Structures are given as C-alpha cells and as structure tokens.
Protein chains: 2
Amino acid sequence: MKTFRVQKHACCKAQPLATTCQFGKLGAMTEFFNVLPPDEARDLLFSNITAVLPTENLPTEKAHGRVLATAVTAPHALPQFRRSTMDGYAVRAADTFGASESLPAFLQVVGEVPMGQPANVQLGTGQAAIVHTGGMIPETADAVVQIEQTQTVTGNPLSVIGNQSPISNLQPPQFPFEIEVLRSVAVGQNVLQLGEDVQLDAEILPAGHILRPQDLGGLLALGIMAVDVVRRPRVGILATGDEVIAPEKTAQPGQIRDINSYTVAGLVVQAGGVPVLGGIIPDNFAALETAAAHLLAQTDMLVMSAGSSVSVRDMTVQVIDNLGEPGVLLHGVATRPGKPTIVGAVGGKPVLGLPGNPVSAMVQFDMFGVPAIYRMQGVAQMPRRGLVWAQLSQNIASESGREDYIPARLADGPEGLIAVPVFGKSNLIYTLVNADGLIKIPLNKGGLLAGDWVEVRLF
Amino acid sequence: MKTFRVQKHACCKAQPLATTCQFGKLGAMTEFFNVLPPDEARDLLFSNITAVLPTENLPTEKAHGRVLATAVTAPHALPQFRRSTMDGYAVRAADTFGASESLPAFLQVVGEVPMGQPANVQLGTGQAAIVHTGGMIPETADAVVQIEQTQTVTGNPLSVIGNQSPISNLQPPQFPFEIEVLRSVAVGQNVLQLGEDVQLDAEILPAGHILRPQDLGGLLALGIMAVDVVRRPRVGILATGDEVIAPEKTAQPGQIRDINSYTVAGLVVQAGGVPVLGGIIPDNFAALETAAAHLLAQTDMLVMSAGSSVSVRDMTVQVIDNLGEPGVLLHGVATRPGKPTIVGAVGGKPVLGLPGNPVSAMVQFDMFGVPAIYRMQGVAQMPRRGLVWAQLSQNIASESGREDYIPARLADGPEGLIAVPVFGKSNLIYTLVNADGLIKIPLNKGGLLAGDWVEVRLF
C-alpha cells in the first residue's frame, strides 16, 4: 500500500502554473498522487480491517438493531401442533366430500377444543369438533370447515364459538348436536401444519444479520430468550483546529464551533456504533499524536476531522502513519465533496482523516466510516434503507472521473419523487440541514439532465 | 363516526350461504359493514387524534431522532466572520485584475492571519496577507488568491503556510516579502461571506422536524445547546388470548408464545415511541377491560393484539367502546393481510385492535400505529426512509378493491433490485423473517406481472 506514497507535494505535478513548488522544500510532508474511485478506496480500506470485535450474549428482547455473531437454528418446529386458521369445525375431510348447499353433509359435533389446551376430542366417522382460529386440531381430524359454510340443524340457540365466547352469556352448547356442511373441504384445508412456519433445526437467521422487529418475534416464538451479538464498534472522534471551539463557548472573531464531532457521532449511532468523543485538539503535532494514540487504544475505529488547510492535512497523514502499520492507505478519493479524505488503518482498525468542511466530513464518513462500522460487525449486505429514486428538477454539471454528491430536497411529483438540488459550498452545514439527501452522480457521467431519474441517498 | 356501526354480525350480510346467521342472536356483539381503504381509514384515525404531548427541553447533543416542538431561529449569522475557503493570500481583488502567467501582479505580503484569531492585518493597496482555509479575512481584503496561483519572487525558503505549519521546523516567514499573482481573482472569490450559511433570525428548522445528525451539527454551530422536543409517545401494548404464553415458558400442546408484543414494540421504537408492555391477558372481558383502561391511562396510545377468532375480535370492539368516546371508528380495512383490524380512538388517543396473526399484526401496526406515532409528535411528513423500487420476479394475483402486501426478498438484478415474493399464510412470522420488505399492490390493481416495477416497503 505504501507504494502510493511520494515525498513530494501533489501541487508540483497537479499545478503546472506553479513554476516552483513552494511545498517541495518541506521534507516532512507526505502526500499522494493516487486518488482512487470510492469503490476501490472502500475495498482497500476493507481489506485492511482485520480487528475482530468480541461477542456478547444479550436478552433477545434487547437485541433490536444488533448484529448476530452466530447463526441461529430452530430448537423445535413452529407451529408445534396443527392449528386451525379459521373459526369452525375440525372434521375428517372425507366426511364432507360432495357436500353442497343443495346436498349438505350432516355431521355430529361431539365436543370443542378450548383455546390454549390440547385437542382431547376423538372424532369417529361423521363426527366434528368446534375449533377456534389458532386452536389445536384433534389428532383424528384432517381439515377445518369454516363456520360460514355450515348451519345448525336443530335451530339450537347455539353460540358456535362455544364456551370461548368471552362476552356471551349464552349456555354452552350441549353435545352432541348436528350440523349441515354446505361445502366440502380438502385434506389439510384451513389447517396450519406442524413445522409449516419453521422446521426443527432449520437455520433461521445467519451470522451477520441485523436483528429487526420480526426477527425478535421469530426468535421469541421459538423460546430463544438470548442471542450472541457482536459488540457495538466504538468509534473515537477527534476534532482538530486552533479555530475550533466547543459549541457551548462564545465564538470570538476567527473561531468556529465544532460541528463534525456531533454530525459524525450521529452517523455512528445510526449505523449501530458507539461514538466516543475525544474533544478538540489544537493544531499541534505532539498533542494530536498523543490524543489519537490514546483514543485509538480505547476504540475500534478512529476518526479525525482535520481542518482543510494543506498543513493540517499533512499533519493528519503523519499522525496516522506514526500510529502504526499499515498507516495511511490513500490520501484522496475521486469524489466531490471530500476529495482530500485520508483513508488509513492501524493494527486492523480503520483510521480516517476527514476534511474539516462539515458537508465533506459527513459525506465522507458516510462513504467510509458507516460501511466500516457495518463491516466490523460482520454485516455482509449494508441495509438498503435510505436509497430512493427521484427525478431531477434541473440540469447538473459534473466532472467525468469523479463521483459527485449534491444535496437535494425531495418533493412529490406526478410520477414519483422530484429531487431539487440545494447548491452551496461544502463549508455550509445548512446545505445539508436544508436537504433530504444526496444525489449521486456516477463516476463517469459528465453530468445529469432535468428529468433524469437519480439515486438519492437519504441523509 | 358511530353511524358506521350496526348491531348485527357482518356474516349475515356477507355470507349469503348461511341461511340463518348464527351470530345474530348475540346481542352484545358489535360489528361493521364498512371496510375502508387504508388511506381513508388513516385519515379517519388522524382526525380523531387530539391528545397533545408535552414538550421537553433536551440538550441538543441528545436530541437525535427527536421531533422539534417549536421552530428554531438563528441567534446569529453563520459564519460570523468572512472566512477563506482556500490556503493562500487575502488581497484586494482590484490589485490582481489583469494578472496572468506572462504578466503577473506583484503584491507585498505584510502579515499572516493565524487560525482561530482575529484578522488584525491592515492591507494597503498592493498588499496581501497569508490566510489559511477557514481563517478570517482582513477587513481591508475582499478576495483570496489560492496559493497555487502564486509564486514567491525572492526564492525565500518560505513556508507559505506560515507559522501555522504544525509539523514544519522552518523559520516563520519574514514580512514583508513579495509574491507574483498569476491569475486575477474577482471580488468575493474564495471567500465565505458573513451569513452565507445562515442569516441572523432565519428560521433554521420548523416545528415537527425530526432531528438528524446534520441538524444537530447546524444547531450546535450556532451555539444552540438545548432544544424543545415533543415527549416520546408511550405506546401501551397488550397481548390477549388463552393460548398465548410468555416466550420464556415452555409451550404445552395448544399454546403459543407471544410474538406480537415484541414485534410491535420494535416498530414503536423505530418510529420514536416508547413501548410499554402490558403483558398477556386471557380471553376474559373484565380482565381485558381492566387491563386496557389501566394501560391507556398511563400511555398515549393503546394497541391490543387479539386472537383472530370472531369472538375475541368482538370482545376487543366492546372493550374499546367501553373505554370512552368515540371508541371504535371502524372495524375493517381493505387490505390483506389484516382486514379485521379495529381502528379506534378514546379521548383523543389512538386505540388499535390488531389481528392476532403475527404478519397481519405487523403490517397493520405499520399502517396505522407507526403513522400515528409520528402524527402525535407533530411530524407532518413521514420519513421517506425505507421505500425502494424493485422489479417483480413473477406474476402476483390480487383482488381489486383491496390493498395487498406481499412479503418479498430483495436481490440485485441487472437493472436494479429484484423483488422475489415470499408466500405464506399470515400466521407465519417466518415469512417476514425471510423477507426484506413488503410489496404493495395498490387498491385497484387486479395483480402484477413479472417485470413490473413495484414499491417495496423495507421492513
């Protein structure tokens, strides 16, 4: 990875205008020519993430949003008994064959299966038992006739819902009584079979799965009260800059309040990580190196939001390299905003140097930090939430060979969503506050036209 | 609203097959003919939600995901001073007019603006000052020339990044010195103007806005350390059914574990509410009425997941009506799964009776409960997260006049996402566990064809 590096400032090559490179004399500076496209940059980062997060055992109820560390298999079949999907009568299907409204089948109802109890009724030929939706099917029955497909013969003041009627003050039915079945049922009709939901020993959820509400339901349905999940990645966040002050302070001329620590922390939480704020470090090499080493030792990932000046960027590069191997992987990503992002890894942990501009910092953390948080938890497929398609309201120019992200507001249009670009410099956090998401302009697209359908990443 | 109700069981009308309605004699039962389409049902529910949630004042840092109770305006402009967007020299633009590589403008550099400090340098005609990205622009300057557009005349061993270089051991530059400007700059070029991000007193966020990471950053940038947010809605959840047991118990024949309390609780959390689990109530009218009244008194919304049998559904209707006015608003929504959903309101609070089937319960809570949670917090526009478009892998039949939701797995295809339906009865929670979302088949579409683009609600 180190082959990318040269001990020469990029401007010497990139800026033919400058007849002498004013940075060339600063031997301590390190910079890269290589600016990788985002996908390659992410792959390079991923291949250097080797740190393994420990597993923790959590009550299933509290595991919402967490990532399974190991696959889970079914300890028993679900359902564990044959259940009725209708209110009606459990029958032997053969007894109803040929039944119709003009020629009903007559059955003798010999009992009722109460909800939540075993089906202790034995059915002989021509017999039936009252069952309720979700109730157990007697062993000797193989189908359920819906109540609406039957009628009583005797004209009994019968509650067909039997003893179960919680608000009925009617007498319980007197068994046996006779019913007419007005339509035949097939074997298995209106019956949920044993294991129809899940078979015994089936893998129900793979390792790396992010637990959703239905997954918790599915686990608890099987009595799985605890699961092994990956510990949440702890992400250390440092803000740097002599001009940066804590938000609660009054800004003097030349000073600005820290934004990036909080926007990045919010993205960390959304991705399932735990932000660890390391505060604001002045533009001092020793101070930053000490703070970075200290924070990286306690966390699983380190993010530094540096200022955007060249000197500060170079300092961040140097600090990351001093932290350990492999250090800086690349300094520059073919995107706007956020080209001067520093992507690195130390001891298998991701280390990122974000541009100081708040828009760049968010876009770049979303591009590298967020996928890294998922990756460290073993998530193979990033959640698909948050991508929508919308139709562009106006032309947008872009440079080929660069992936552009343009903040946009979404509106409802006649054919779907409309994306209205919110233009502004990447120093302006309110371009993101006023936007619903980011339009992505693919790498080798020279621009987009009004009416084009674009992918908008909700933000 | 009560005009929808009739004291007669729906089957009498709906089931011409049944020559005598077996439910007709149960005077206590209440049911509705009216089955509204989901949008109308939701509007009816919304018009009955009048409960006002209190406001609470939270530290901005901790307000991620919360909903603003009042609009926020900017206490000062942002930025509060003119800032450079480049490393370079603050100049008077007029001094550079006509400058080119062959005919550079010569300027005298008289000082440097250190980061985080006021720009105390005074520029006379033909003078410039070193500025760094993000640094303050001297009052007498009106533009910034990028470092790459200049060169030193003297050949000084100059660090143009000046005293600021945190890793340079070079001598600070000796002022004054001369530079050549190789390209002219316009007034305001490379300068962030006062208030360019936000003007003083501008409304920066409206009431009802859900706070995202960038919003926290924008608030803190202005020194807004606390915000008024709506208290999270507390949602009471009751499971009912003689057959339902707590997940930690061993299921005996005929018993099933509670799923719905946990799936609904997960959806509540995702929407920004606080679930309050009321436990499992047997199919007993008095017990359910007592538990429901008790839970509703402590919460802002009540959800009962009843069994799916007619008697239990009728009991839920009766309980909701007894809780207070207006009670049940409608019993039935034109959707599958989940048609027999009971939508009600009591004292301005939403009260829902969900079908017991786990798939129906989740789909219906997502359709009514989730929007109600947002609504109660004053959110006008539901978050757009979680809707994707995908191409159907096979034909799906549907009934006109009904909105169908089909669980589906998503896969990557050549033209975008592919939605592969996961078929299964609504009693089977694993149809949702195995799905990534739900395909929506609109109300009056008879079905969909393979290759059709469909909306999939991620779940």
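Below: a short report on this structure.

Rules of the game
- Residues numbered from 1 in each chain as written.
- Chains lettered and ligands numbered in written order.
- Predicted model: local features only at pLDDT ≥ 70, side-chain atom pairs only at ≥ 80, totals over all residues.
- Heavy atoms only, no water.
- Buried < 20%, exposed > 50% of the residue type's maximum accessible area, 1.4 Å probe, protein only.
- Helix = DSSP H or I, 4+ residues; strand = E, 2+ residues; numbered from the N terminus.
- Pairing = 2+ DSSP bridges.
- Axes fitted to C-alpha atoms, helices over the stretch in contact; angles between N-to-C directions.
- Least-squares fit on C-alpha atoms with pLDDT ≥ 70 in both.
- Contact = heavy atoms within 4.5 Å.
- Salt bridge = Lys/Arg side-chain N within 4 Å of Asp/Glu carboxyl O.

**Overview of helix H3 (residues 213–221) of chain B**
All names here are of chain B. Among the 9 residues of H3, 9 are classified as buried, and the element is accordingly described as predominantly covered. When we look at burial in H3, the residues that qualify are Pro213, Gln214, Asp215, Leu216, Gly217, Gly218, Leu219, Leu220 and Ala221. Of the residues trailing H3, Gly223 is marked for its positive phi of about 75°.

**Observations regarding the sheet that holds strand S8 (residues 127–131) of chain B**
All names here are of chain B. On the basis of which strands lie adjacent, the open sheet formed by 6 strands has the order S9-S6-S8-S7-S11-S10 and mixed pairing. Of all strands in the sheet, those with a lone pairing partner are strand S9 (143–146) and strand S10 (150–152), marking the two edges. Pairs of neighbouring strands in the sheet enclose a mean axial angle of 40°, with direction left out of account. Relative to S9, strand S6 (residues 88–91) runs antiparallel, the two being bridged by 4 bridges. The partner of Ala90 across the bridge, within S9, is Val144.

**Some remarks on the relation of the copies chain B and chain A**
In the superposition of chain B on chain A (RMSD 0.1 Å, axial shift 0.0 Å), the rotation amounts to 180°. Such values leave the two copies arranged in the relation of a two-fold axis. Both copies contact each other with a shared surface, as 100% of the interface residues of chain B are interface residues in chain A too.

**Regarding the pairing of strand S11 (residues 177–181) of chain A**
Residue and element names in this part refer to chain A. Burial analysis of S11 places 4 of its 5 residues in the buried class, the great majority of the element. Where strand S10 (residues 150–152) and S11 come together, 3 bridges link them in antiparallel fashion. Bridged to Thr150 within S11 is Val181.

**Structural notes on the pattern of salt bridges**
For the structure shown, the criterion picks out 18 salt bridges over all chains. The partner of B:Arg212 in a salt bridge is B:Asp215, with the nearest N and O atoms 3.0 Å apart. We classify B:Arg212 as buried; its relative accessible area is 14%. What emerges from the salt-bridge pattern is a single network uniting A:Glu399, A:Arg402 and A:Asp404.

**What to know about the sheet that holds strand S7 (residues 105–112) of chain A**
Residue and element names in this part refer to chain A. In spatial order, the strands read S9-S6-S8-S7-S11-S10; together these 6 strands make up an open sheet with mixed pairing. Lying at the two open borders of the sheet, with one neighbouring strand each, are strand S9 (143–146) and S10. Shown here is a sheet whose adjacent strand axes are inclined to one another by a mean of 40°, direction ignored.

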